[in-house]
Amino acid sequence: MDRTLATDLARLPDLLEATRRTAAEALAALDARPVVPPAGPARGPEPLPPHGSGTEAALTAFAERWAPHLSASAGPRYLGFVTGGATPAALAGDWLTAVHDQNSNSALDGAGQDLERETVAWLRELFGLSDAHAGTFVSGATLSNTTGLAIAREWLGERLGVSPSEDGAAALGPVRVLSGAPHSSIAKALSVLGLGRRSLVPVPTLPGREAVDPAALDRALADTPGPAVVVANAGTVNTVDFDDLRAIAALRERHTFWLHTDAAFGAFAALSPDHAHLADGLDASDSVCVDLHKWLNVPYDSAVQFTRRQDLQARVFQNAAAYLGPLGERPDLVHLTPENSHRLRALAAWFTLRAYGREGHREIVERDIACAEALGAALEQDPAFRLLAPVRLNVVCFTLAEDPTPRRLAALREAAQEEVFVTPTVYAGTPALRAAFSNWRTTQADVRRAAQALRTAAKGTL
């Protein structure tokens, strides 16, 4: 064994304790450190060292070279994208995921698959889905959407008497994928699946909304006969608008289509009694995307996909090799996603669900919603800003009241980003900013700091 490696093995308990101290110090500093540090000189890559210096020296080098320049994305005022943090239990689970280092894809191995199935069952209950939905973990919403649409592609083939997984996507002929305000990952998934970005057909939304107009969807489905795919939204990225899932499902009485619902973070509305109606009808979907490193507050990367047709899922992703587990009534996980190597992502989710239960996660969701409403109210009262949509759940979509150009918004965002981080967008043709609340640490005190930082930036830079 390499001498340095052998020394680290002998000192492993001490090195893990040093790592624990480093982690604890980083977490303790989250509230005070810049949310996005000021940009410094470009850091080009250093050459690979010919001889290693051991874990302790690597910890020191990381603390000096990289840690000060990382964003505080695990902290309470990182409101860009839709980024959660990691609850204490999720962090413990993630550390143990690395300790046990399972590739839990095969029944030939230990109990990792069973742990994942138990966690999926808890999540299914959390989101109000029936036992008809089977699920498995994937890396994020993009892969969850891709997996759901891959199953939809096979369903289209079933309707037409072909198998795209065997014959290729071209066997389907032209495909229509209808949606009102799809996330960008939908077009990406269609490209990956060989259906093509041009197969995505935009459907008009309700006036002043991002929710699809059910009557317009009805007409679009009638325009061309034959099976189609409908991508519904349970929480759009800009304004967290929800399609009427029950009204869409009712269209099956007249049309044949696969219903895939992108509920990346909107599914968590089911945890709040005051907002659960937004996700009403989610169970009617044929496939569902939920991103867990958003509002479940587990570390990147983690998401789950559900479907009513796991038989088609296994037809798409089956992997025939003697060293892999069986493809039967309950397929091994290796037969259900594009990944042959499948980190035990479920452990972090299992930990946080086991530690805090439904009520603990309901409190996080409701506190974040209250924080979003408070920031929206604060900005609405400031003449420098204008809300572009009501705060329906956990996202505040806003812009400058006067001359909201991308340049001026970028200057505002950059001036405030040491205190609060928000991301740019365009809504209804207007350049804008979004603040998304999904972190378990965020409180009303953080809202006040964020609002003040945005006010100060508006006065000082514009």
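Conventions adopted
- Numbering of residues starts from 1 in each chain and follows the order in which that chain's sequence is written.
- A pLDDT threshold of at least 70 governs which residues receive local features in this predicted model, and a stricter bar of 80 or more applies before side-chain atom pairs are shown or counted, although totals over entire chains, interfaces and linings include all residues.
- In computing side-chain values, all of the structure's heavy atoms are included and hydrogens and water are not.
- A run of H or I in DSSP becomes a helix once it reaches four residues, and a run of E becomes a strand once it reaches two; helices and strands are each numbered from the N terminus.
- Each residue is assigned to one of three classes by its accessible area relative to the maximum for its type, calculated with a 1.4 Å probe on protein chains only: buried under 20%, partly exposed between the two thresholds, exposed over 50%.
- In this description, a nonpolar core means a group of buried Ala, Val, Leu, Ile, Met, Phe, Trp, Tyr and Cys residues linked to one another through side-chain atoms lying within 4.5 Å.
- Contact criterion: two residues are considered in contact whenever any of their non-hydrogen atoms come within 4.5 Å of each other.
- Any two strands with at least two DSSP-identified bridges between them are counted as paired.
- Lines fitted to the C-alpha atoms define the axes, with helices restricted to the stretch that makes contact. Angles between their N-to-C directions range from 0 to 180 degrees.

Enquirer: An account of unusual backbone geometry is requested, with residue identities and associated values reported.
Expert: Omega for the peptide link from Tyr300 to Asp301 comes to -5°, which places this bond in the cis form. Examined against the element boundaries, Asp301 turns out to sit in the loop between helix 11 (292-295) and strand 7 (303-307). In this structure, Phe81 is a non-glycine residue whose phi angle is positive, near 55°. With respect to the helices and strands, Phe81 occurs in the loop between helix 3 (55-65) and helix 4 (88-100). Backbone geometry at Val240 places phi at a positive 50°, although glycine is not the residue there. With respect to the secondary-structure elements, Val240 resides in the loop between strand 4 (228-233) and helix 10 (245-250). According to the relative accessible area criterion, Val240 is buried, its value standing at 0%.

Enquirer: Got a sec to walk through the nonpolar core? Specific residues and values, please.
Expert: In globular proteins that are soluble, nonpolar side chains generally tend to be buried together. Ranked by size, the top nonpolar core spans 57 residues in total, and within it Leu123, Phe127 and Leu292 carry the most contacts. Here this core gets seven residues from one element, more than from any other, and that element is helix 13 (residues 346-380). Contacts of Phe127, omitting those with residues within four sequence positions, involve Ala267, Phe268, Ala270, Leu271, Leu282, Val290, Leu292 and Phe306. Ala372, Leu409, Ala435 and Ala458 belong to the second-largest nonpolar core, a separate cluster that totals 26 residues.

Enquirer: I'd love a proper account of the sheet that holds strand 3 (residues 200-202), names of residues and values included.
Expert: Here seven strands make up an open sheet; going across it, the order is 1-7-6-5-4-2-3 and the pairing mixed. At either margin of the open sheet sits one strand with a lone partner, and together these are strand 1 (134-138) and strand 3. Across this sheet, the average inter-strand angle for adjacent strands is 20°, counted without regard to direction.

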